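# Architecture and fold: a report
Below are the chains, spelled out letter by letter.
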Amino acid sequence: MLGDKLIKSGLQWQSNTQTLPPPPLSSLAMVDTEQGHSPARPALQEYERDPGDKPPFVLTFAEVKLLGIAGVGFFLDAYDLFIINPVSTMLQYRLYGGKSLPNNLQGLLKAAANIGSVIGQFLFGYLADSLGRKAIYGKELMLIIFATIMCISCPTNDLSSDGALIWLTIFRIVLGVGVGGDYPMSASVTSDRAVIRKRGTLLAYIFANQGWGSFVGSLATIIVLACYKHVMNDEGETSKVDGVWRIVIGLSLIPAFGTLYQRLTLPEAERYKKAKKDALPETDDVKELKDGVKVSSVNESEEVHVDIQRKAHFREFLEYFSEWRHAKILIGTCTCWFLLDIAFYGINLNQNVVLQQIGYDGSTGTPWEKLFKVSTGNIIITALGFVPGYYVSVLTIEKLGRKVIQLQGFLMTALFLGILAGKFTSMNNAAFIVCFALLQFFFNFGANTTTYCYPAEVFPTKYRASAHGMSAACGKAGAIISALVFNTLTSSIGTPAVLWIFFGCSLLGACFTLLLPEVAGRDPDAILAEEIREKRLRQGY
């Protein structure tokens, strides 16, 4: 009852605001005359002036600019996460003479970035809400740049084979912290600036860069390997693969440096500023904390203010999610992302099984021919279903809604996982490729896109980054489980049995989706404002 009333209130508020004339540009970039600051770049605030006369997927210049800033980061995230597949194959020839990597170290290497992501998602999500997006945005990209440089600087000549893998694992964890931080940061920065009728489309556009990151990673591997064909294949110097994997990883530094300045100088969104002003009433503990503070200098005063700000935000966060109507939504976003990533990363971090089925596992030929065949197989997999699914989501997310797309995505992936599991040993190559391509398509025209969008749309601005970080961290926990146990499970119970486990995860994901509301046209800030008003009325304010 109350939820329906609040949603209607939020929708009415949205429609009322959209009938108003667009605000003057000067109001979108106020000059702080007391501090003498120049106006923030006003183009990034033009989302408030959306006329609403074009389809949601048609972007304005300001939205394209925002997409470039936030989207490049997500391109890097996917590039860095999935490039470990071909790199780990190259390391077999550089470190172990073509033999497989040790199972325990291989699992840890593939899981390393996801382990770091959990830390980054919690940390950056909380800091973005408590200290502001402007104060934090860009720092996660600096971590990615540092970790990438350290990875390509691995002294393979001076370390043992296992030692080199441990070096790479450590710095891929650091890389993961930056990658994980980008999830809540980019989602919040985009959602804070998006007009409601296009919010889901913008988020889907940004998330679609995951597909391009994976595709370009595979393409870069093929191109660099082709450049090394003469020295590796004709002259037989297989050890030169050491240069291939370093170049492939190092190429990600180009877009990273290209977008770093834009992130560090991005102004705070007006929506976030307003959300911080419209804070919940202070609790007695926070009032007591403020009243009891004594400061002796300006610097100490600033430190105390930041400390109080963090504690106040944490208390408000706990208070908000202590109510079941809010907690059940957080449970839904966290659990759906967790179940999705068990299956999604279980498949995509261990594509050797798939490549073997379609004849691109690189089991025959010279070392260079094997590597080139595996890379070709990876780009086939990416092109078939990975990229198209994202853009079907972009085109339909505002029409179908997030809940419908997520439900059908979970159910369709369950269907194709069940087919693959049941017919794994008897299916011919053509049927397997079609089935796997459809599985990838419905991962991305489904829960892989919507689990990213949901936390950025369903929660109010002041809790958005924290809740998104928690949801994404749960997803990465599922990815870690898959990376660590997939090889062991396939060895003990067989690949079909593991696919049946993924089938069960998809069905459970569809069930937990029922906890979530549809968020198309929903303004969580307006709903929160109405909840606060009713709470104050009950308390006699």
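Scanning the protein chain from terminus to terminus reveals 24 helices and zero strands. Across the 541 residues in the protein chain, those meeting the buried criterion constitute 55%. Counting only contacts in the protein chain whose residues sit at least 6 apart along the sequence, the fraction spanning at least 24 positions is 84%. Of the roughly 22,100 Å² that the protein chain leaves accessible, carbon and sulfur atoms contribute 63%.

A few words on the nonpolar core. Membership of the largest hydrophobic core comes to 98 residues, with the highest contact counts inside it found for Y183, Y452 and F502. Tallying contributions element by element places helix α16 (residues 324–348) first for this core, with twelve residues. Residue contacts for Y183: discarding those within four places in its chain leaves F74, D77, L81, Q121, Q210, W337, Y345, Y452, H468, A472 and K476. Membership of the second largest hydrophobic core comes to 30 residues, among which are I83, L168, V224 and I249.

This brings us to a nonpolar patch on the surface. Judged by side-chain polarity, L108, I481, L484 and V485 come together as a nonpolar surface patch covering roughly 290 Å² of accessible area. If one sorts the elements of the nonpolar patch by residue count, helix α22 (residues 461–493) sits on top with three residues. Relative to the helices and strands, V485 is located in helix α22. When its relative accessible area of 34% is taken as the criterion, V485 is described as partly exposed.

Attention now moves to the packing of aromatic side chains. Tallied over the full model, the rule gives 28 aromatic pairs. Each ring, one from F207 and one from Y452, has its centre 4.9 Å from the other, and the planes form 25 degrees; the classification is stacked. Taken together, the positions of F207 in helix α9 (residues 199–227) and Y452 in helix α21 (residues 447–458) put the pair 245 residues apart, joining distant regions of the chain. Across the pair, Y452 and F207 agree in class, each one buried. Consider the rings of F442 and F445, whose centres lie 6.3 Å apart with planes at 35 degrees: the pair is tilted. Residues F442 and F445 agree in their burial class; the two are buried.

Now for the pattern of salt bridges. Tallied over the entire structure, the rule returns 19 salt bridges. The residue R246 makes a salt bridge to D242 at a minimum N-O spacing of 3.1 Å. Linking R246 with D242, this pair stays in helix α11 (residues 241–250), spanning four residues, or about one helical turn. In this structure R246 comes out as buried when scored by relative accessible area, which is 17%. On the basis of relative accessible area, D242 is assigned to the buried category, the value being 13%. Here D341 and K476 are joined by a salt bridge, their closest N and O atoms 3.9 Å apart. Separated by 135 residues along the polypeptide, D341 in helix α16 and K476 in helix α22 bring together distant segments of the chain. A relative accessible area of 1% means that D341 is categorised as buried. Connected via shared salt-bridge partners are D129, R133, D192 and R464.

Attention now goes to the packing of helix α5 (residues 103–131) against helix α8 (residues 161–193). Helix-helix packing is characterised by the crossing angle of the two axes and by the distance between the axes. Their axes nearest at 5 Å, the elements α5 and α8 cross at an angle of 30 degrees. Here α8 runs roughly parallel to α5, going by the angle between their axes. The element α5 and its partner α8 pack so that their crossing is right-handed. For the contact of α5 with α8, the residue count by class is 17 nonpolar, nine polar and two charged.

Time to look at the confidence of the model for the protein chain. Residues shown with low pLDDT carry predicted positions that ought not to be read at fine detail. Confidence in the prediction of the protein chain, expressed as mean pLDDT, is 81, and 82% of residues score 70 or more. The element-level mean pLDDT for the protein chain is lowest in helix α2 (residues 25–28), coming to 34, with helix α19 (residues 402–422) highest at 95. Under a pLDDT of 50 for its full length, residues 1–48 has, in the predicted model, 66 contacts with residues more than four places off or in other chains. Every residue in residues 280–306 is under pLDDT 50, and counting partners more than four places away or in other chains gives 23 contacts.

Within the secondary structure layout, I249 lies in helix α11. For the pair formed by I249 and V87, sequence separation is 162 residues and the distance between their alpha carbons is 8.4 Å. Sequence-distant contacts of I249, that is, excluding residues within four places in its chain, are made with Y79, I83, V87, T148 and I152.

Assignment of secondary structure puts S117 in helix α5. We classify S117 as buried; its relative accessible area is 0%. Through-space distance from the C-alpha of S117 to that of I480 is 9.9 Å; in sequence the pair is 363 residues apart. Excluding its chain neighbours within four sequence positions, the residues that come into contact with S117 are G176, V177, V179, G180 and K476. Reaching out from S117, the side chain makes a polar contact with the backbone oxygen of A113 at a distance of 2.8 Å.

Parameters at a glance
Residues numbered from 1 in each chain as written. Predicted model: local features only at pLDDT ≥ 70, side-chain atom pairs only at ≥ 80, totals over all residues. Heavy atoms only, no water. Helix = DSSP H or I, 4+ residues; strand = E, 2+ residues; numbered from the N terminus. Buried < 20%, exposed > 50% of the residue type's maximum accessible area, 1.4 Å probe, protein only. Contact = heavy atoms within 4.5 Å. Areas by Shrake-Rupley, 256 points an atom, 1.4 Å probe, with all protein chains shown as cover. Core = buried A, V, L, I, M, F, W, Y, C linked by side-chain atoms within 4.5 Å. Patch = residues over 30% accessible without salt bridge, like charges linked within 9 Å, V, L, I, M, F, W, Y side chains within 5 Å. Salt bridge = Lys/Arg side-chain N within 4 Å of Asp/Glu carboxyl O. Phe/Tyr/Trp six-rings, centres within 6.5 Å; stacked < 30°, edge-to-face > 60°. Axes fitted to C-alpha atoms, helices over the stretch in contact; angles between N-to-C directions. Parallel < 35°, antiparallel > 145°, perpendicular 65-115°, else oblique. Left-handed = near helix turned anticlockwise from the far one by under 90°. Nonpolar A, V, L, I, M, F, W, Y, C, P; charged D, E, K, R; others polar. pLDDT = per-residue confidence, 0-100. Polar contact = N/O pair within 3.5 Å; in protein donor to acceptor, adjacent residues only side chain to side chain.

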